[in-house]
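Descriptive structure summary
This is what each chain is made of:
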Amino acid sequence: MQNKKLLNIVGARPQIIKASAISRVLRKDYINSVDEIILHTGQHYDRTLSEVFFEELEIPKPDYNLGVGSARHGKQTASMITGIEEVILKEQPDAVIIYGDTNSTLAAGIAASKLKIPVAHIEAGLRSFRKEMPEEINRLLSDHISTLLFAPTDAALKNLIKEGIRPDASPPFTIDNPKIFLSGDIMYDNSLFFADLAEKKINGFLKKLNAEPGNYILATIHRQKNTDIIERLETILQSLIELSVEHNILLVLPLHPRTVHVLEKENPELLNRLRKASSVKLLPPVTYLEMILLEKNAAIICTDSGGVQKEAHFFRRPCLVLRSETEWIELVKNGTALLVDAEKDRIKEGYINMMNVRGLSYPGFYGNGKAAEFMVEEVMALMLQ
Ligand code: UD1
Ligand code: UDP
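Quick look at the structure, then. (Residues numbered from 1 in each chain as written. Chains lettered and ligands numbered in written order. Predicted model: local features only at pLDDT ≥ 70, side-chain atom pairs only at ≥ 80, totals over all residues. Heavy atoms only, no water.)

Bringing the nonpolar core into the picture now. If you look at the biggest cluster of nonpolar residues, it comprises 78 residues, and the most contacted ones within it are I22, Y216, V252, L294 and V379. Excluding residues that lie within four positions of it along the chain, L294 makes contacts with F205, L206, L209, Y216, L218, V252 and V286. Core analysis: the next-biggest nonpolar cluster, separate from the first, contains 31 residues, L233, I236, I241 and I347 among them. (Core = buried A, V, L, I, M, F, W, Y, C linked by side-chain atoms within 4.5 Å. Buried < 20%, exposed > 50% of the residue type's maximum accessible area, 1.4 Å probe, protein only. Contact = heavy atoms within 4.5 Å.)

Structure (structure tokens):
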């Protein structure tokens, strides 16, 4: 039998990390039955947001890189759709995999579904219920043009059912008869797979930063709302600096270039303060293994990232979410993540509460660490139906 052709589409940092889990399974178990084609839209292009992950996570080099770069949402998404359409027409894949909620996700979903290629959406059903967030629009639209929807959590599955996707569809699955699965979370697979490797490969990393295990705050900030509204960014950063000084604890801050660019333009004094403060370690984006190591050993994690919130949970660390809502509501219900928005009082009180609370538990909300295996099996069944 001829090999099936699977197009794996990525564009932004978290998608490359997610795709590594699928690619690993394909190379391990399907090498003689599936030809994997990797398409990178080029949404992220800095080495620290893209290439570094291909190398470190040993993902094959993309077969295509569209090099779309940064632009306004419409322009960026449109050039991705144009480029992806051409690749699909040339390659004629049997299915396309898309990840998460970025503009690359949406563009790939639109290009593939219009060409009648079935789409499998990994991380389906997540909702913030705020359409002011570009990712919410990407999620809603991507889910409703997908044929297989892999929901990582109960909450995500319920959201899809509420939106009218039947939970009991039977094959053959199509865009009009989509199938939803409670699949577990592919990021959990990766955390398990890479955690020990991270320790072994880079155990000198924390020392180099003068970061004492269990005694630093790890923070990331990149969400559009937290960077475009400069007052929010200033409040978050000032609160974090104050926390580090008042509690005599190091703040480790690997910053997304988006956030650095905004500070360079809007508040270079604050950026300078971050660079110079002895209680702050300002870093460029770190590699995935470095990030895992930082997460595992942090006292607490403050973030507006989706992936980092979950990783805090995987590594049993309390988390302050620098947003007013989250898609990962089980973390908030469980008390291991606290929504503090961009409000100084809430950030500072949240820190004290989370650092002093005892007996937090970290239940297994995100599957058994074998989500990628399950997903590839179902995608294979789809391609064979
Ligand atoms: C994107 C996703 C977001 C995801 C994040 C992961 C959308 C709408 N947003 O946000 O959901 O959480 O990726 O990190 O798809 N930039 C660089 N170098 C790069 C890429 C970007 O400097 O390699 C800067 C540019 O100034 C650019 C800005 O970051 O304008 C924003 O980049 P963009 O890809 O539009 O969104 P992200 O904030 O990265
Ligand atoms: N990450 C990383 N280096 C960093 C910051 C984040 O490797 O400097 C990883 C992090 O461990 C997680 C993923 O990137 O696996 C999350 O991506 P991001 O925060 O960019 O996007 P989101 O998850 O919010 O879409």
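Moving on from the model shown.
What follows deals with the site of ligand 2. For ligand 2, the set of nearby residues contains 19 residues, the closest of which are R223, V286, S305, G307 and E311. Contact between ligand 2 and R223: an oxygen atom at 2.7 Å from a side-chain N or O atom of the residue. Contact distances for ligand 2 include 2.7 Å between an oxygen atom and a side-chain N or O atom of S305. Listed by contribution, the elements that provide at least two residues to the shell around ligand 2 are α1 (13-29), α13 (288-297) and α14 (306-314). If you tally residues by element for the shell around ligand 2, the top one is α14, at 4 residues. Residues of the shell around ligand 2, tallied by class, amount to 10 nonpolar, 5 polar and 4 charged. (Near = heavy atom within 4 Å. Polar contact = N/O pair within 3.5 Å; in protein donor to acceptor, adjacent residues only side chain to side chain. Helix = DSSP H or I, 4+ residues; strand = E, 2+ residues; numbered from the N terminus. Nonpolar A, V, L, I, M, F, W, Y, C, P; charged D, E, K, R; others polar.)

As a further point, take the pairing of strand β6 (residues 148-151). In β6, alternate side chains face the same way, and those of L148 and F150 on one face and L149 and A151 on the other are all buried. Sheet analysis places strand β5 (residues 119-122) next to β6, joined by 3 bridges and oriented parallel. Bridge assignment links I122 to a residue of β6, and that residue is F150. On the question of chirality, the crossover connecting β5 to the parallel β6 by way of helix α5 (residues 134-143) is right-handed. Sheet analysis places β6 next to strand β7 (residues 179-182), joined by 4 bridges and oriented parallel. Opposite F150, over in β7, you have F181 as the bridge partner. Tracing the backbone out of β6, into helix α6 (residues 154-162) and back to the parallel element β7 gives a crossover that is right-handed. (Pairing = 2+ DSSP bridges. Right-handed = clockwise from strand over helix to strand, strands pointing away.)

Looking now at empty space enclosed by the protein. A probe as big as a water molecule, rolled over the atoms, marks out the empty space that is left. Applying the stated criterion to the full structure yields 1 cavity of 30 Å³ or more. Roughly 30 Å³ of volume is contained in the largest cavity. Lining the largest cavity are K18, I122, E123, F150, P152, G184, D185, I186 and M375. Residue composition of the lining of the largest cavity, by class: 5 nonpolar, 1 polar and 3 charged. (1 Å grid on protein atoms, 1.4 Å probe; cavity = no way out; pocket = protein on both sides within 12 Å on 5 of 7 lines; lining within 4 Å. Points joined across faces, edges and corners; volume = space filled by probe spheres on them.)

With respect to the helices, strands and loops of the structure, L149 is situated in strand β6. With relative accessibility at 0%, the residue L149 sits in the buried group. For the pair formed by L149 and F173, sequence separation is 24 residues and the distance between their alpha carbons is 11 Å. Residue contacts for L149: discarding those within four places in its chain leaves H121, A124, D143, L160, I165, P178, K179, I180 and F181.

Another aspect to go through is the pattern of salt bridges. Scanning the model with the defined rule gives 26 salt bridges in all. As a salt-bridge pair, E91 and K5 come within 2.8 Å of each other at their nearest N and O atoms. With E91 in helix α3 (residues 73-91) and K5 in strand β1 (residues 4-10), this residue pair connects regions lying 86 residues apart in the sequence. Residue E91 is classed as buried on the basis of its relative accessible area, which comes to 15%. (Salt bridge = Lys/Arg side-chain N within 4 Å of Asp/Glu carboxyl O.)

Attention now goes to the sheet that holds strand β2 (residues 34-40). Strand order across the open sheet formed by 7 strands is β3-β2-β1-β4-β5-β6-β7, with parallel pairing between neighbours. Lying at the two open borders of the sheet, with one neighbouring strand each, are β3 (64-65) and β7. Relative to the sheet, helix α4 (residues 103-114) contacts β1, β4 (95-99) and β5, its axis offset from that of β4 by approximately 160°. Seen against the sheet, α6 touches β6 and β7 and runs at an angle of roughly 160° to β7. (Axes fitted to C-alpha atoms, helices over the stretch in contact; angles between N-to-C directions.)

Worth remembering: the numbers are spatial, not functional.
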